[in-house]
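Secondary and tertiary structure notes
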Amino acid sequence: MSNRPPYLYRGRGRGQSSSKKTGYSVGGLVIDRKAENQKATLNKKPAAHAVPKSKEMNKQQAQLEAHWAACDDVTEGDASPDDCDQLNFHDELILENVMKSYKEGNSIVDLAQMQETLSECLQMSSLTCIICLEMIGRPDPIWSCDRCYCIFHLQCIQLWARDGIAQQQLKLSPELFRDLEINWCCPKCRKEYLKSATPQKYYCFCKKQIDPVVDSWVLPHSCGDVCGRRLLPECGHECLLLCHPGACPPCPVTVMVTCFCGKSPPVSRRCGSRGWACQRVCRKLLACGDHTCELTCHAGKCPTCSLEVEQDCLCGKQSQPRSCSDPTWSCDQVCGKALPCGNHTCCQLCHIGSCGDCPRKGLRHCPCGKTEHVLPCTEEVPVCGDTCSKMLTCGVHQCSRSCHHGDCGQCLQLSVRRCHCGRKERELRCGLEVLCEVKCTNQRSCGRHQCRRKCCDGNCPSCENTCGRPLKCGRHKCAAICHSGSCYPCTMTEEVACACGSTILTVPCGRKQYTPPPQCRSMCRKPPTCHHKERKPHRCHPGPCPHCRQLCNKRLSCNHNCSSACHSEPQMPPMRRPVGLAPWEKFNPADQPAIVKPCPPCKHLVSRQCKGGHETSEMPCFEAHSYDCGQRCGRQLACGNHTCQRGCHVIVNSPDSCLAGDDCLECELPCMKPRPSDCAHLCPLPCHKSDCPPCDVLVKEKCYCATMHLYIKCNEWTSANDDQRQALLSCTGQCTKQVRLAIVLILWSSLKGLSNE
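Read on for a plain summary of the structure. Fair warning: this is a prediction, and the values are worked out from it, not measured in the lab.

The next thing to look at is the overall build of the chain. When helices and strands are tallied, the chain shows nine helices and 24 strands. Relative to its 757 residues, the chain shows a buried fraction of 33%. Across the chain, contacts joining residues at least 24 apart in sequence account for 32% of those joining residues at least 6 apart. As displayed, the chain offers around 47300 Å² of accessible surface, 52% of which is attributable to carbon and sulfur atoms.

What follows is the structure in structure tokens.
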């Protein structure tokens, strides 16, 4: 089953996403698994400048299809690039496993750059193919450059190489350059690769395994084995990291090495940083052979001697102070030494060695070169009288003058000359060029602009204009000289920083808006938006900080601190279009004022007494009030005999905590105090505190004689003793009972006397 990435079906420009998910997504794009769509895409006709597909290309395609089929067992469901970053691939454990061979005790070799490279490889959103500007997913076949280590989609770099080779083949004649090996360049660093070096297979980073299987416990595109590549500079050791992207780190092997000058004894050093200086003076003999190096112990060869000494020129006529490292110099004067002939002097500039024989000695020729003469050096060679016949500067005619000394001059013959472009003819003196005013309309090598040179000979120069075509990043234009074929990717980069700015991720130009911020291990440094001075410590993160979870602790009007969670962060109101706003009027939700929630009611428990002070209860502060406990007031009324029977109420102007206040009920009961004995009357006063007044009710009593009724005050009667009561019952008149008794006694006595008789 074929799972070809969608970026390969869209050429080398920007891609388009599919709304219907029929597979899974890689690099932010849904991979279509339908064979019909793949066949339709693969059967597209190649462009006019493209190289036809060969058996080798079909073989490459088959290898990639096999790799995608193998990846089906690992990849499950739909996985967007954002999901890839969120999946738990145990990044920390992977990094530790990759670099575990470099640990030694509690220290570790400086691998900051390597850690950054590995972190970017683990964070899939930071790996971008600069050819198609799409993300490189975990199962995507890749190829990396040997110089810049930039990672590309395998089929993107194959298309790039074929396109570059095809463009060069169009410019070269197949008959003349049949056996010429055409090179293609890396899109980033421009390193040249032979056509035979075009990547054919998908290798891991260390080039040991073909089609590495996707494993969540191994670095993406890695075989998981030890890298094993030879370290640079050559030291004979191999890289100990697990298969990794980028350059190998410095050699961590410990070796015994001496300092640069060799004066100090060997010490134990890392092989990758084996060079060290002992801070002593070098004292090595310099190239001049007379002085020694005065620099401190240093790497490399000693510099040239900088001391100045008096030096003679080559001819020995002059001398001047010069650097000891440059003893040979020329004074630029004519030598002037006498030649062996004794008649002439040396005409050479200041030189070393002998001046040689006289140049006029021996066999000499006439000016035209046809006659030979053997003459003393003091005599001039005569002209021969024959025609000069030297070729003139025109390259067509010969000099017609007789043999002569000096230059032959210009050709004076007239001839019909054709201009460079061959469109115009004109009779001119030989040696002069004919130029017409017709502008060349041939296309230059770029294929976009005309030559436009006047009277062009057909060998049009390369285009000198700037390309100016928009690059795939969408922000810059190609600044190279106008050319044919695809433009090189934009060399600019953009930085994607985390929220605090301490962690920066470099991405190709045009990918910033699609790249999420990098994961940062620093603490968030955003200022709090609530009233607290500091936020609760948390990691740096994109987007707004989570709501503050500290206690509010604002001072409330009740003098308690707010114990609710922090709520003072401004919140945007719901985006509702104001009522009455016309449809054509703009509505910006950001113009709405932010909402700040007030502190909720105080829930601090406080003790409150009921209105009458009978009991104390705890209640929330915002509900604290004097309440009705349901009991009777119970305070002693002014009568001193009864208590207030009013329900629990607020006491006003009470002298103490027991007596009733002004708002207590007044006692309306009759006096209930016990009456004196024998007094059956009620107290005429209402309930009172003092003693009851004397009972003034008149009691009706009969006197002893029962002849009349006496009216006696009740208090006088009840308070009197027996004698006093008898006095009170006396009517002060003659008692009828005594009269009757006397009469009876008299009668009785009379009767008794009669009886005795």
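We now examine a nonpolar patch on the surface. On the surface, L741, V744, L745 and W748 cluster together to form a nonpolar patch covering roughly 410 Å² of accessible area. In this structure, L741 sits in helix α9 (residues 736-756).

In this section: the side chain of H221. Structurally, H221 is set in the loop between β10 (192-194) and β11 (254-257). At a separation of 3.3 Å, a polar atom in the side chain of H221 contacts the main-chain carbonyl oxygen of G137. At 2.9 Å, the side chain of H221 forms a polar contact with the side chain of Y202.

With that settled, consider empty space enclosed by the protein. Gaps left between atoms are located by rolling a probe of water-molecule size over the structure's atoms. Counted under the stated rule, the structure contains three cavities of 30 Å³ or more. What the largest cavity holds in volume is close to 70 Å³. What lines the largest cavity is simply R138, Y202, P212, V213, V214, D215, V218, L219, P220, H221 and S222.

Moving on, we get to the pattern of salt bridges. In this structure the tally under the stated criterion is nine salt bridges. A salt bridge links R283 to E294; the nearest nitrogen and oxygen atoms lie 2.9 Å apart. Residue R283 is located in the loop between β12 (267-270) and β13 (308-312), and its partner E294 is located in the loop between β12 and β13; the two are separated by eleven residues in the primary sequence. A relative accessible area of 46% places R283 in the partly exposed class. Ionic pairing is found between D457 and R453, a salt bridge with its closest N-O pair at 3.7 Å.

The next thing to look at is the nonpolar core. Counting residues in hydrophobic clusters, the biggest one holds 46 residues, and the most contacted among them are C129, I131, W143, F152, I157 and W184. Mapped by element, the contributors of at least two residues to this core are α5 (112-122), β7 (142-144), β8 (151-153), α6 (154-171) and β11. Ranked by residues supplied to this core, first place goes to α6 with six residues. Residue contacts for C129: discarding those within four places in its chain leaves E134, I136, I151, F152, H153 and C156. Formed by nine residues, the second largest nonpolar core is a distinct cluster that contains C633, L637, C644 and C667.

Moving on: α6. Quick reminder: α-helices carry 3.6 residues per turn. Residues three or four places apart thus point the same way. Under the 1.5 Å per step criterion, the end-to-end length of α6 is 27 Å for 18 residues, consistent within 8% with the ideal 26 Å. Among all positions in α6, only L154, Q155, C156, I157, Q158, W160, A161, D163, I165, A166 and Q167 are buried.

For any pair of aromatic rings, geometry is given as the distance between the ring centres together with the angle between the planes. Inspection of every chain in the model, using the stated rule, returns five aromatic pairs. With centroids separated by 5.5 Å and ring planes inclined at 75 degrees, the aromatic side chains of W143 and Y193 adopt a geometry described as edge-to-face. Highlighted residues: W143 in strand β7 and Y193 in strand β10, separated in sequence by 50 residues. An identical accessibility class is assigned to W143 and Y193; each is buried. Every member of this aromatic cluster is reached through a ring pair, and the members are W143, F152, W184 and Y193. The ring centre of Y488 lies 3.6 Å from the NZ or CZ of R190, which sits over that ring.

About the cut-offs
Residues numbered from 1 in each chain as written. Predicted model: local features only at pLDDT ≥ 70, side-chain atom pairs only at ≥ 80, totals over all residues. Heavy atoms only, no water. Helix = DSSP H or I, 4+ residues; strand = E, 2+ residues; numbered from the N terminus. Buried < 20%, exposed > 50% of the residue type's maximum accessible area, 1.4 Å probe, protein only. Contact = heavy atoms within 4.5 Å. Areas by Shrake-Rupley, 256 points an atom, 1.4 Å probe, with all protein chains shown as cover. Patch = residues over 30% accessible without salt bridge, like charges linked within 9 Å, V, L, I, M, F, W, Y side chains within 5 Å. Salt bridge = Lys/Arg side-chain N within 4 Å of Asp/Glu carboxyl O. Polar contact = N/O pair within 3.5 Å; in protein donor to acceptor, adjacent residues only side chain to side chain. 1 Å grid on protein atoms, 1.4 Å probe; cavity = no way out; pocket = protein on both sides within 12 Å on 5 of 7 lines; lining within 4 Å. Points joined across faces, edges and corners; volume = space filled by probe spheres on them. Core = buried A, V, L, I, M, F, W, Y, C linked by side-chain atoms within 4.5 Å. Expected span 1.5 Å × (residues − 1). Phe/Tyr/Trp six-rings, centres within 6.5 Å; stacked < 30°, edge-to-face > 60°. Lys NZ or Arg CZ within 6 Å of the ring centre and 35° of its normal.

In short, shape yes, function no, at least from these values alone.
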